[in-house]
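What the coordinates show
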Amino acid sequence: MKLLLKKYKLLIKIVMAILLGVLIGTFLPYEITEFFIAINIVISKLLNFSIPLIIIAFVTKGISSLESSGKMLGITTCISYIFMVCAAFLSYFTATRLFPRFLTDIPNNIFESISTPTGSVFSQLSQINISPIMDVVPALILAFILGIGISSIKSTYIKGVFDEFHEIINIMVQKLIVPVLPLYALGIFAKMTASGQVFKILLVFSKVFVAIIALHAVTLFLQYFIAGIIARKNPVKFLKNMIPAYLSAIATQSSVAVIPITIDCSKKNGVSSSIADFVLPLCSTIHLSGSVISITACSVAVMLVSGKPIEFSVMLPFMMILGIMMVAAPGVPCGAILAASGILQSILGFDGAMLSLIIALHVAQDGFGTACNVCGDGSIAVILDTFNRKIFNKN
């Protein structure tokens, strides 16, 4: 029981925060709700300040750590990115056609009532200025320049500096940002309850959750179908061999923790030891199709609820950049959604209320997203092993 509580500690805290927020919004005076929303304003400003630092620290480290060279590194990276973008497109087109059918019962102005500050406490806190050091896109460009530069010149000194910077920001995320996320969710759900919309929203997003799991399954089937065609083997057998890795990923919620299991499952699929040992640890860092599906689908759902227009011209750059941002995700609790927070705000225009809701949604299904990531890594290993044997003529 202690091990179970430790593994799902953040999820349990988020669920408890949501329930407590519902109770506060239902039974306590509105002034108490306003207090928690006031705290949310401060947390939102802190999160906005932290996002560029998270991007610079984690993307720089992720890219600079890709020390392996050669064709295999380039092919693995390209396949990983293509798989993530395709997963995002599948999620987007499915969500935009499916979600409007059961999101019609929620008023489009729900987030306006949730996020509109009123009262003296709000007016004072909203004036607190915690400006980020730079915008999200410049931070991403800088991280790529630094990461590629460090990897190219093989500078151990500069790499050491940014590795230590990564450790500092990682401590900030794990000791400051992640612990306040339940409090962040509490405030937003207390206000939603006070506005009389929380139960409708929870009911609707339970359907979104089911749709996301289904999208994970479809994506895995498509990825292994492609791997099966390339390897000329049965994709269903590939998937059956990956079941231990899938279940372990749900239990641990960590792609890195299950790398040994993923490698063992991939070897059962006929992947050579050299390819498995190279591809799977790499893909645990750069391939997160499950997380991309979850974030894209939840984004569409939140935008539909908020009444925001969902234009493909806006979603396209979001989905293209999202695949790149996932480099910053591994190794951090809620890493995928924290890494995506910057472009959710800068490209899709998410405010604090919308961001809080999507964080809660993402945490609720994070284990399944991780499992999809891990199993998808196995399909890439099959593809790379086939290329290695048939194209590069290596045993």
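Residues numbered from 1 in each chain as written. Predicted model: local features only at pLDDT ≥ 70, side-chain atom pairs only at ≥ 80, totals over all residues. Heavy atoms only, no water.

**Considerations on the overall build of the protein**
Where we set the bar: Runs of E in the DSSP output that reach at least two residues are strands. Runs of H or I that reach at least four are helices, and both are numbered from the N terminus. Accessibility here uses a 1.4 Å probe with only protein chains present; expressed as a share of the type maximum, an area under 20% marks a residue as buried, one over 50% as exposed, and anything in between as partly exposed. The contact criterion used is simple: two residues touch if any of their non-hydrogen atoms lie within 4.5 Å.
For the protein, the count of helices and strands is 18 helices and 0 strands. Taking all 395 residues of the protein together, the buried fraction comes to 52%. Once local pairs closer than 6 in sequence are excluded, the contacts in the protein between residues at least 24 apart make up 85%.

**Here we look at the packing of helix α8 (residues 156-194) against helix α17 (residues 352-364)**
Put simply, the rule reads: In this analysis, axes come from line fits to C-alpha atoms, helices being fitted only over the stretch in contact, and the angle between any two N-to-C directions falls in the range 0 to 180 degrees. Angles below 35 degrees are treated as roughly parallel, those above 145 as roughly antiparallel, those between 65 and 115 as roughly perpendicular, and all remaining angles as oblique. Here is the rule for handedness: rotate from the far helix to the near one, and if that takes an anticlockwise turn smaller than a right angle the crossing is left-handed, while a clockwise turn gives right-handed. Residues are grouped as follows: Ala, Val, Leu, Ile, Met, Phe, Trp, Tyr, Cys and Pro are nonpolar; Asp, Glu, Lys and Arg are charged; every other residue, Gly included, is polar.
Taken N-terminus to C-terminus, the directions of α8 and α17 make an angle of 115°; their axes are 9 Å apart at the nearest point. With respect to each other, α8 and α17 are oriented roughly perpendicular. Classified by chirality, the crossing of α17 by α8 is left-handed. Each of L181, Y184, A185, I188, F189 and M192 in α8 lies in contact with α17, whose residues at this interface are G352, A353, L355, S356, L357, I359 and A360. Tallied by class, residues from the contact of α8 with α17 come to 11 nonpolar, 2 polar and no charged.

**A closer look at the side chain of N373**
This is how it is decided: Pairs of N or O atoms are called polar contacts if they sit within 3.5 Å, as long as, within protein, a hydrogen donor faces a hydrogen acceptor (for residues adjacent in sequence, only side-chain-to-side-chain pairs).
Counting through the fold element by element, N373 comes out in helix α18 (residues 366-390). With relative accessibility at 2%, the residue N373 sits in the buried group. There is a polar contact of 3.2 Å between the side chain of N373 and the backbone nitrogen of S289. Contacts of N373, omitting those with residues within four sequence positions, involve S255, H287, L288, S289, G290 and S291.

**What about the confidence of the model for the protein?**
Quick reminder of the rule: Across the chain, each position has a pLDDT score giving the predictor's confidence in that residue, from 0 to 100.
When the pLDDT values of the protein are averaged, the result is 80; 83% of them are 70 or greater. Here helix α5 (residues 110-115) stands out as the least confident element of the protein, with mean pLDDT 52; helix α10 (residues 235-241) is the most confident, with 91.

**Focus: the packing of helix α4 (residues 71-98) against α18**
Closest axis-to-axis distance for the α4/α18 pair is 11 Å, and the angle between their directions is 140°. Helix-helix and strand crossings are classified by hand; for α4 and α18 the assignment is right-handed. For the pair α4 and α18, contact is made by M72, I75, T76, I79, S80 and F83 and by S379, I380, I383, L384, F387 and N388, respectively. Of the residues assigned to the contact of α4 with α18, the class counts are 8 nonpolar, 4 polar and no charged.

**Observations concerning the packing of aromatic side chains**
Definition in use: Side-chain rings of Phe, Tyr and Trp (the six-membered ring for Trp) are treated as a pair once their centres are within 6.5 Å; stacked means planes under 30 degrees apart, edge-to-face means over 60, and tilted covers the remaining angles.
One pass over the full model with this rule turns up 9 aromatic pairs. Aromatic pair F89 and F312: ring centres 6.0 Å apart, planes at 80°, arrangement edge-to-face. With a gap of 223 residues between them, F89 in helix α4 and F312 in helix α15 (residues 312-325) connect regions that are remote in the sequence. Seen from their ring centres, F93 and F312 are 5.8 Å apart, and the 25° between their planes marks the pair as stacked. Of the two residues, F93 sits in helix α4 while F312 sits in helix α15, which places them 219 residues apart along the sequence.

**Remarks on the side chain of S379**
Relative to the helices and strands, S379 is located in helix α18. Apart from residues no more than four positions distant in its own chain, S379 is found in contact with F83, Q223, Y224 and A227.

**Notes on the nonpolar core**
The following threshold applies: Nonpolar core, defined: a set of buried Ala, Val, Leu, Ile, Met, Phe, Trp, Tyr and Cys residues in which side-chain atoms within 4.5 Å join the residues together.
Core analysis: the biggest nonpolar cluster contains 77 residues, and F99, F318, M326 and L344 have the highest contact counts within it. Considering each element in turn, this core owes the most residues, 13 residues, to α8. Leaving out residues up to four positions away in the same chain, F99 has contacts with T94, V208, A211, A297, V300, A301 and L304.

**Concerning a nonpolar patch on the surface**
This is how the line gets drawn: Each patch groups residues whose relative accessible area exceeds 30% and which form no salt bridge, using 9 Å between like charges and 5 Å between nonpolar side chains of Val, Leu, Ile, Met, Phe, Trp and Tyr. For accessible areas, the Shrake-Rupley method is used with a probe of radius 1.4 Å. Any residue's cover is judged against the shown protein chains and nothing else. What counts as a salt bridge is simple: a side-chain nitrogen of Lys or Arg found within 4 Å of a carboxyl oxygen of Asp or Glu.
A contiguous nonpolar surface patch, about 610 Å² in accessible area, is contributed by V218, F221, L222, F225, I226, I229 and V236. Broken down by element, the residue count for the nonpolar patch peaks at 6 residues, all from helix α9 (residues 198-231). Relative to the helices and strands, I229 is located in helix α9.

**Considerations on a positive patch on the surface**
Formally: Think of it this way: Lys and Arg go in the positive column, Asp and Glu in the negative one, and His and the chain ends go nowhere. Note that the charge is assigned to NZ on lysines, CZ on arginines, CG on aspartates and CD on glutamates.
A grouping of R232, K233, K237, K240 and K390 is seen on the molecular surface, where their side chains present a positively charged patch. On the basis of relative accessibility, which here comes to 54%, the residue K237 falls in the exposed class.

**Some remarks on the pattern of salt bridges**
Pairs can form between side chains of opposite charge whenever their charged atoms are close. The final tally for this structure, using the stated rule, is 3 salt bridges. Salt-bridge contacts for K268 lead to D264; the nearest nitrogen and oxygen are separated by 3.9 Å. Of the two residues, K268 and D264 both sit in helix α12 (residues 259-268), 4 residues apart, roughly one turn of that helix. The partly exposed category is assigned to D264, whose relative accessible area is 41%.

**Side note on the environment of M354**
By secondary structure assignment, the location of M354 is in helix α17. With 52 residues separating them along the chain, M354 and V302 place their C-alpha atoms 6.6 Å apart.

**Looking at the environment of V302**
Here V302 lies in helix α14 (residues 289-306). The exposure class assigned to V302 is buried, which follows from its relative accessible area of 0%.

**Details of unusual backbone geometry**
Its identity as a non-glycine residue notwithstanding, R232 has a phi of 60°, on the positive side. If you trace the backbone, R232 turns up in the loop between α9 and α10.

**A word on the state of the cysteines**
Applicable threshold: We call a pair of cysteine sulfur atoms a disulfide whenever their separation is within 2.5 Å.
In the structure shown here, the tally under the stated rule is 0 disulfides. Here C265 is not disulfide-linked; the sulfur of C375 is the nearest cysteine sulfur, at 7.8 Å.

**A word on the environment of L186**
Here L186 shows up in helix α8. The spatial distance from the C-alpha of L186 to the C-alpha of V15 is 9.2 Å, given a sequence separation of 171 residues. Apart from the residues within four sequence positions on either side, L186 is in contact with A17, L20, G21, I24 and F36.

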